[in-house]
Amino acid sequence: MTLYGANGSQLTKTAAADKTESVPVTDPVIEVTENLYEGNRPDGSAWPPAGRKLKFYEGQLIRQSELDGMFPAATIDSITPATGAAAGGTTVTIKGSNFTPTVSASAVTFGGTNATDIKVVDDTTITCKTPAKTAGAYNVVVTSDAGAVTKTNGFTYA
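Note that residues are indexed from 1 along each chain, following the sequence as it is written. Whole-chain, interface and lining totals are the exception, using all residues; otherwise, since this is a predicted model, local features are given only for residues with pLDDT of at least 70 and side-chain atom pairs are given and counted only at 80 or more. Values shown for side chains rest on all heavy atoms present in the structure; no hydrogens or waters enter the calculation.

A closer look at the overall build of the protein chain
Along the protein chain, the regular secondary structure elements total 2 helices and 15 strands. Whether a residue is buried, partly exposed or exposed follows from its accessible area with a 1.4 Å probe, protein chains only, as a fraction of its type maximum: under 20%, in between, or over 50%, in that order. Per-residue burial for the protein chain yields a buried fraction of 26% across its 158 residues. Restricting the contact set of the protein chain to residue pairs at least 6 apart, pairs at least 24 apart contribute 49%. With the model as given, the accessible surface of the protein chain reaches about 10100 Å², and the carbon-plus-sulfur share is 53%. Secondary structure follows DSSP: runs of H or I at least 4 residues long count as helices, runs of E at least 2 residues long count as strands, and numbering of each begins at the N terminus. A contact between two residues is defined here by any heavy atoms of the two lying within 4.5 Å. Here the Shrake-Rupley method, with its probe set to 1.4 Å, supplies the accessible areas, and only the displayed protein chains count as covering residues.

Some thoughts on the sheet that holds strand β10 (residues 108-110)
Any two strands between which DSSP finds at least two bridges are classified as paired. In spatial order, the strands read β8-β15-β14-β10-β11; together these 5 strands make up an open sheet with mixed pairing. The sheet terminates laterally at β8 (83-84) and β11 (113-114), the two strands that pair on one side only. Alignment of β10 against strand β14 (residues 136-144), held across 3 bridges, turns out to be antiparallel. Bridge pairing links Phe-110 to Val-140 in β14.

Thoughts on the sheet that holds strand β9 (residues 91-97)
An order of β7-β9-β13-β12 is seen for the 4 strands of this open sheet, with the pairing classed as antiparallel. The open sheet has two edge strands with one neighbour each: β7 (75-80) and β12 (116-122). Strand after strand, the sheet turns through a mean of 20° between neighbouring axes, direction not considered. The pairing of β12 with strand β13 (residues 125-129) spans 4 bridges and is antiparallel. Here, axes are lines fitted to C-alpha atoms. For helices the fit covers the stretch in contact, and angles between N-to-C directions go from 0 to 180 degrees.

Observations regarding the packing of aromatic side chains
Pairing of aromatic rings covers Phe, Tyr and the six-membered ring of Trp, with a centre-to-centre limit of 6.5 Å; geometry is then stacked below 30 degrees between planes, edge-to-face above 60, and tilted otherwise. Inspection of the entire model under this criterion finds 3 aromatic pairs. Taking 5.5 Å as the distance between ring centres and 85° as the angle between the ring planes, the aromatic pair formed by Phe-110 and Phe-155 counts as edge-to-face. Of this pair, Phe-110 sits in strand β10 while Phe-155 is found in strand β15 (residues 147-157), placing the two residues 45 residues apart along the sequence. Note on Phe-155: relative accessible area 0%, which makes it buried. Measuring from centroid to centroid gives 5.0 Å for Phe-155 and Tyr-157, while their planes differ by 75°, and the two rings are edge-to-face. You'll find Phe-155 and Tyr-157 in the same group, each marked buried.

As for the pattern of salt bridges
For salt bridges, the criterion is a side-chain nitrogen of Lys or Arg within 4 Å of an Asp or Glu carboxyl oxygen. Considering all chains together, one arrives at 1 salt bridge under this definition. Across the pair Lys-129 and Asp-117 runs a salt bridge whose closest N-O atoms are separated by 4.0 Å. Of the two residues, Lys-129 sits in strand β13 while Asp-117 sits in strand β12, which places them 12 residues apart along the sequence.

Side note on the confidence of the model for the protein chain
Reading predicted coordinates in detail is not appropriate for stretches of low pLDDT. Averaged over the protein chain, the pLDDT score is 86; the fraction of residues at 70 or greater is 87%. Averaged pLDDT values over the elements of the protein chain bottom out at 78 in strand β4 (residues 36-39) and peak at 97 in β8. Residue-level confidence of the predictor is summarised by pLDDT, bounded by 0 at the bottom and 100 at the top.

Looking at the environment of Asn-98
When you line up the elements, Asn-98 lands in the loop between β9 and β10. When the C-alpha atoms of Asn-98 and Ala-74 are compared, they prove to be 4.6 Å apart, with 24 residues separating the residues in sequence. Setting aside residues no more than four positions away along its own chain, Asn-98 makes contact with Pro-72, Ala-73, Ala-74, Asp-123 and Ser-144. Engagement of the side chain of Asn-98 in a polar contact is seen with the backbone oxygen of Ala-73, the distance being 2.9 Å. Under this definition, polar contacts are N or O atom pairs within 3.5 Å; protein pairs additionally need one hydrogen-donor-capable and one acceptor-capable atom, and for neighbouring residues in sequence, both atoms have to be side-chain atoms.

See the structure below:
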């Protein structure tokens, strides 16, 4: 077997290599090692057998971006109330989208300090208690599987 150029001339290995260029891999191909399903959880259950759909099958080769796309970035639309005591302990409701159902203790921070009693009500609502901070406006950060999202000056301590 041999390769030919567009003009019909036979190519050597060196000549064929000269007609290629290296491309950096920014979206690598990955292999799925187990069947992965997508589904809706209208009742809040962790495993939706009736509403699931096979998304990626075992052995399938996909781009990393396809897997990443299943975990869209969170957004913060509002924080209520937006003001609380410097002593902390204010129960706030954070509204937005794409909140991860299970979160770690550092999933919500106020000015870099972890909130307490974090509860993900659903993928659009989180409740938590503010930590103590000195008076002023602070960024509120919610971290999900897709990374962190910030509401600049989202909460003010009085």
